Amino acid sequence: MPPPVTRSSVIGLLKLLQSSSNRCPCHSHAHSTLPSTQTFSSLLSYGRNYASAKETTDYAFEMAASNIRFGPGVTSEIGMDLINIKATKVAVYTDQTISKLLPLKAVVESLDKHKVDYVIYDTVRVEPTDGSFKQAIDFARKHNPDAFVAVGGGSVIDTAKAASLYSAHPEADFLDFVNAPIGKGLPIRKKLHPLIAVPTTAGTGSETTGTAIFDYEPLKTKTGIAHRALKPLLGIVDPLNTRSMPSQVHASSGLDVLCHALESYTALPYNQRSPRPSDPILRPAYQGSNPISDVWSLHALRMVVKYLPRAVKDPEDTEAQSQMLLAATFAGIGFGNAGVHLCHGLSYPISGLNKRYKHPGYHVDHPIVPHGVSVALTAPAVFKFTSHACPERHIDAAVAFGVDRAKIKASTAGDILAENLTSFLEELDVPNGLKSIGYDSSLIPELVEGTLPQHRVTKLAPEGEPSREQIATIFENSMRIY
C-alpha cells in the first residue's frame, strides 16, 4: 500500500511543475507563477473580492452566449445551417430598409439554394414597441415556423426573439415575461425554436444575448424581456453586412457598444447582487460584473476607442468596420452576462418620451432617438457619479482612452473619464446633450419617473440603485455635455 500523500509532498510537486514551466510551450504553467502574499492581496482587492458573498447575495455566476461564426461572406452558409438543424419552415424577420439591401439578398439566396421553405416578415419597426412586437408575434403564430432567422440590427433580432418566445407560449399574456415591475418577469421554462441572428449593425450585440428591448407605449418608457433561453442558437457575424450602414448609424451603433462595455465593466459585482436565487433558473441574465465578463468588456472598450472614429469618418475603412462588428459581439458577451446600469436605465425614458426629434441617417416614419445616442448622452455624468464606488475600474476605462495611468488618482478618476468621454462624443458629432434633442429641465421629473421602473439595470450601478434626487442630478448635468 503506498504511503499517504502529505501536504508537503503536494507543495513540492507544485513547485517542481512551476520550475519546469518553460519546457513545453503548450502545457507549461509559465503564465501561472505563484504570487507573493502582497500581489495576491492586491489581486483580490482589484477584483473587488469576487470570491466572497454574503448569505443574502449571490455566490455564483454563469456564462451564456450564442455560438458565433465570423467571416466575410459567411452569410452564404445559413441555408446549410437550417438544413443541419432539420428546419422545415423558417420565419425570416427584417425591416423595410434591410429588405432592399444585400444582407437579406444573401440570406434568401442561401435559403433558395438549399431549398429551405421560408416566409418573410419585413415590417419590423426600428426601435420596436409592444405593439410592433405583438404584430410580429401574430405573424409567427399564423405561420407556425420551427426556426427563426433575424436579418438586421438589434431591433430586428429582438423582435424575432419575442416572436419565437410568444409563439411557443400561445396561452401567455404579453406581460408575463416582461421584466418586473412593468411585467411579471416569469422565467422561461419551455424550449424555444432555434433562432439564427444575422446582425447588420455593429452595436447591440443582440446576436449573443438573451434580451429583447422595446418601448412600452402605455408608460412611454423602454423595458424588455431577459432570459438565457432567448439567446440565438447562432450569430452569423459577417463584415460584409455592415457595409451599407450610413455614417450616423455607425456612430450611434458604436456608442451602444461603448456603453455596454463601460457599464458592464463597472457594474455591481455579481456576489453583491441580491437576492440569492432559490433556483438556478431564477438567476438573472444580468448578474453583475464577473471575472469572465470583465475580459470581454474591457477589450471591447479598447476596440471602440481605436476603431469607432475611423469607421464613422471613412466608409471605405473596412478594417475599422470589421473590428467594430467584433467589438459589438465581444461587448455583447460581456454585458449579456454582467448587465448594464445607469446609462441604459436613464436612456429608456429619453427614447420613450421623445415626441419630435428624428436623428439624421435613420429613414423611418416616426421620431427617433437611436438607442446608442440615448445611452451616450448621460455617460459623462453617469461615470463621474459612479467613480467613487470603484475608482480602479474607472481608471482602467480612462487608460483605455489613452490616459497615462500614473497621472490618475482615485479621487480624479471620474472627472478624467468624463472629460475623455466628452471629447470622444464631440469628435463623433453626437448631439450636445439632452437639450439638443428637445429636452429641458422642466421635463426632468418625467425622465426620472420613466427611469424608476428600470430596476433590472439601475440596481446594478456599482453602489446599487441611486435615489430619485441623484437620478435627477444626472439628467440635469446631461443637458449640455460640451
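Report on the accompanying structure. (Residues numbered from 1 in each chain as written. Predicted model: local features only at pLDDT ≥ 70, side-chain atom pairs only at ≥ 80, totals over all residues. Heavy atoms only, no water.)

### Observations concerning the overall build of the protein
Working step 1: Each helix and strand in the protein was counted, giving 17 helices and 8 strands.
Working step 2: Out of the 482 residues in the protein, the part that is buried amounts to 56%.
Working step 3: Partitioning the intrachain contacts of the protein with sequence separation of at least 6 by distance along the chain shows that 79% fall at a separation of at least 24.
Working step 4: Accessible surface for the protein amounts to roughly 20,900 Å². Of this, 55% is attributable to carbon and sulfur atoms. (Helix = DSSP H or I, 4+ residues; strand = E, 2+ residues; numbered from the N terminus. Buried < 20%, exposed > 50% of the residue type's maximum accessible area, 1.4 Å probe, protein only. Contact = heavy atoms within 4.5 Å. Areas by Shrake-Rupley, 256 points an atom, 1.4 Å probe, with all protein chains shown as cover.)

### Things to note about a nonpolar patch on the surface
Working step 1: Where nonpolar side chains cluster on the molecular surface, the patch consists of Met63, Ile292, Val295 and Trp296 and spans about 330 Å² of accessible area.
Working step 2: Inspection of the secondary structure assignment puts Ile292 in helix 8 (residues 291-313).
Working step 3: Owing to a relative accessible area of 38%, Ile292 belongs among the partly exposed residues under this scheme. (Patch = residues over 30% accessible without salt bridge, like charges linked within 9 Å, V, L, I, M, F, W, Y side chains within 5 Å. Salt bridge = Lys/Arg side-chain N within 4 Å of Asp/Glu carboxyl O.)

### Looking at the side chain of Ser297
Working step 1: Here Ser297 shows up in helix 8.
Working step 2: Overall, Ser297 belongs to the buried group, its relative accessible area being 1%.
Working step 3: A distance of 2.7 Å separates a polar atom in the side chain of Ser297 from a polar atom in the side chain of Ser264.
Working step 4: Once you skip the residues sitting within four places of it in the chain, Ser297 turns out to touch Ala261, Ser264, Tyr265, Gly334 and Phe335. (Polar contact = N/O pair within 3.5 Å; in protein donor to acceptor, adjacent residues only side chain to side chain.)

### Quick word on the sheet that holds strand 5 (residues 195-199)
Working step 1: The 6 strands lie next to each other as 1-8-5-4-2-3, forming an open sheet whose pairing is parallel. Strand pairing shows two members of the sheet lacking a second neighbour, strand 1 (67-70) and strand 3 (118-121), which therefore form its edges. Ignoring strand direction, the axes of neighbouring strands in this sheet form an average angle of 20 degrees.
Working step 2: Pairing between strand 4 (residues 147-152) and strand 5: 5 bridges, direction parallel. Bridged to Ala150 within strand 5 is Ala197. (Pairing = 2+ DSSP bridges. Axes fitted to C-alpha atoms, helices over the stretch in contact; angles between N-to-C directions.)

### A word on the side chain of Arg393
Working step 1: Residue position: Arg393 is located in helix 13 (residues 391-400).
Working step 2: Looking at Arg393, the relative accessible area reads 1%, which means it is buried.
Working step 3: Here Tyr265 takes part through its backbone oxygen, which lies 2.9 Å from a polar atom of the side chain of Arg393.

### Points about the nonpolar core
Working step 1: Of all hydrophobic cores here, the largest spans 75 residues; its most connected members are Leu258, Leu301, Leu434 and Phe475.
Working step 2: The element that contributes the greatest number of residues to this core is helix 8, accounting for 10 residues.
Working step 3: Listed in part, the 19 residues of the second largest apolar core include Ala87, Ile98, Val107 and Val149. (Core = buried A, V, L, I, M, F, W, Y, C linked by side-chain atoms within 4.5 Å.)

### Regarding the packing of aromatic side chains
Working step 1: Using the criterion set out here, one finds 12 aromatic pairs in the structure.
Working step 2: Between Tyr93 and Phe139, the ring centres sit 6.0 Å apart and the planes meet at 85 degrees, which makes this aromatic pair edge-to-face. In this pair, Tyr93 sits in strand 2 (residues 90-93) while Phe139 sits in helix 5 (residues 130-143), placing the two residues 46 residues apart along the sequence.
Working step 3: Relative accessible area serves as the criterion here: at 0%, Tyr93 is assigned to the buried category.
Working step 4: Classification of Phe139 by relative accessible area gives buried; the value is 15%.
Working step 5: A centroid spacing of 5.7 Å and a plane angle of 70 degrees characterise the contact between Tyr166 and Phe177, whose relative ring orientation is edge-to-face. With Tyr166 in helix 6 (residues 154-167) and Phe177 in the loop between helix 6 and strand 5, this pair connects stretches of sequence that are 11 residues apart. Phe177 matches Tyr166 in its accessibility class, with the two residues each being buried.
Working step 6: Through successive ring pairs, a cluster of aromatic residues spans Phe133, Tyr166, Phe174, Phe177 and Phe214. (Phe/Tyr/Trp six-rings, centres within 6.5 Å; stacked < 30°, edge-to-face > 60°.)

### A look at the pattern of salt bridges
Working step 1: With the rule as written, the count across this model stands at 18 salt bridges.
Working step 2: Salt-bridge contacts for Lys190 lead to Glu171; the nearest nitrogen and oxygen are separated by 3.9 Å. With Lys190 in the loop between helix 6 and strand 5 and Glu171 in the loop between helix 6 and strand 5, the pair connects residues that are 19 residues apart, well separated along the chain.
Working step 3: Judged by its relative accessible area of 56%, Glu171 is exposed.
Working step 4: Through salt bridges with shared partners, one network takes in Asp58, Glu62, Arg228, Arg273 and Arg283.

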